[in-house]
Amino acid sequence: MRVSKAQKKSAFYPPSAGASVTTAPRVLVSEQPIDPSALYKAFVEEDAGAGGIVTFTGQVRAEDGSVQALVLDHYPEVTERHIEKFIQEAKERWPLRHARVVHRVGHIAPGETVVFVAASADHRRPAFEAADFLMDYLKSAAPFWKKEITRDGARWIEPTKNDLLDRNRWTL
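Everything numeric here is computed off the predicted structure, so don't read it as measured data.

Novice: I keep staring at the packing of helix α3 (residues 78–93) against helix α4 (residues 124–140) and nothing clicks. Help me out?
Specialist: Pairs of packed helices are described in terms of their axes, by the angle between the two and the distance that separates them. Direction vectors running N to C along α3 and α4 enclose 150 degrees, while the axes themselves pass 10 Å from each other. It follows that α3 is roughly antiparallel to α4 by the angle criterion. Classified by chirality, the crossing of α4 by α3 is right-handed. Of α4, the residues touching α3 (which contributes H82, I83, F86, I87, E89, A90 and R93) are A130, F133, L134, Y137 and L138. Across the contact of α3 with α4, the residue classes tally to 9 nonpolar, 1 polar and 2 charged.

Novice: Can you walk me through a nonpolar patch on the surface in this structure?
Specialist: A cluster of nonpolar side chains, contributed by Y75, W145 and W156, occupies part of the molecular surface with about 400 Å² of accessible area. Tracing the backbone shows W145 in strand β7 (residues 144–150). Assessed through its relative accessible area of 39%, W145 is described here as partly exposed.

Novice: Got a minute to help me understand the pairing of strand β8 (residues 153–157) in this structure?
Specialist: In summary, the side chains of a regular strand alternate between the two faces of the sheet. Pairing of β7 with β8 involves 5 bridges; the strand directions are antiparallel. If you follow T150 over to β8, its bridge partner there is G153. Turn length for the β7-β8 hairpin, with the two strands adjacent in sequence and antiparallel, is 2 residues.

Novice: Just checking my understanding: could you explain the confidence of the model for the protein for this structure?
Specialist: Should the pLDDT be low somewhere, the predicted coordinates at that spot are not to be read in detail. On average, the protein scores 87 in pLDDT, and the residues at 70 or more come to 86%. Per-residue pLDDT stays below 50 along residues 1–22; that stretch engages in 30 contacts with residues further than four places along the chain or on separate chains.

Novice: What am I meant to see in the nonpolar core here?
Specialist: Soluble globular proteins tend to bury their nonpolar side chains together. Counting 33 residues, the largest nonpolar core has I83, L96, V117, L134, L138 and F144 as the members making the most contacts within it. Discounting chain neighbours no more than four positions away, the residues touching L134 are F86, I87, A90, A99, V101 and V117. One finds L28, I34, L39 and F43 within the second-largest nonpolar core, a separate group that totals 7 residues.

Novice: Any chance you could explain the sheet that holds strand β3 (residues 67–74) here in plain terms?
Specialist: Backbone-to-backbone hydrogen bonds pair the strands of a sheet. The strands run either parallel or antiparallel. Read across the sheet, 4 strands follow the order β5-β3-β7-β8 without closing on themselves; strand pairing throughout is antiparallel. Strands at the two margins of the open sheet, each flanked by one partner only, are β5 (106–108) and β8. On average, each strand axis in the sheet is inclined to that of its neighbour by 25 degrees, with strand direction left out of account.

Rules used throughout
- Residues numbered from 1 in each chain as written.
- Predicted model: local features only at pLDDT ≥ 70, side-chain atom pairs only at ≥ 80, totals over all residues.
- Heavy atoms only, no water.
- Axes fitted to C-alpha atoms, helices over the stretch in contact; angles between N-to-C directions.
- Helix = DSSP H or I, 4+ residues; strand = E, 2+ residues; numbered from the N terminus.
- Parallel < 35°, antiparallel > 145°, perpendicular 65-115°, else oblique.
- Left-handed = near helix turned anticlockwise from the far one by under 90°.
- Contact = heavy atoms within 4.5 Å.
- Nonpolar A, V, L, I, M, F, W, Y, C, P; charged D, E, K, R; others polar.
- Patch = residues over 30% accessible without salt bridge, like charges linked within 9 Å, V, L, I, M, F, W, Y side chains within 5 Å.
- Areas by Shrake-Rupley, 256 points an atom, 1.4 Å probe, with all protein chains shown as cover.
- Salt bridge = Lys/Arg side-chain N within 4 Å of Asp/Glu carboxyl O.
- Buried < 20%, exposed > 50% of the residue type's maximum accessible area, 1.4 Å probe, protein only.
- Pairing = 2+ DSSP bridges.
- pLDDT = per-residue confidence, 0-100.
- Core = buried A, V, L, I, M, F, W, Y, C linked by side-chain atoms within 4.5 Å.

Right, dumping it as structure tokens:
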């Protein structure tokens, strides 16, 4: 899905008066900071009839202060296409009304939001499971390159054994 710069920006911030929230893309990958509250509000307004809406917001860990940044890179359009494919799979597995993934790339500081995932359904269980499914995919298989910058240098981050186990439970 091709998205203009204006559309990309509008998905991170509340729409201006009179703007339609239904034009927000299902997948958005950008270097712009993510405002989870604005995304949640827009998602709820877009799907006011849902019985269950589940969101997940992932942030860069600030554990002991050793992580100075997370740097994410991707191939534009390829990454979006892959994520869109997994949203479609989630919609085939569960009776979802809507789903959205907003993922940040570039230099991200501790405490900043990296990902926002939302899923809505008529009932809570499909929304929970779809959001969990999408996060397991994003953590283990989405085409991002992740590098952690610490006081001691930089290292590439690969999916952990637990990330892969989490993802594998959807194939059983």
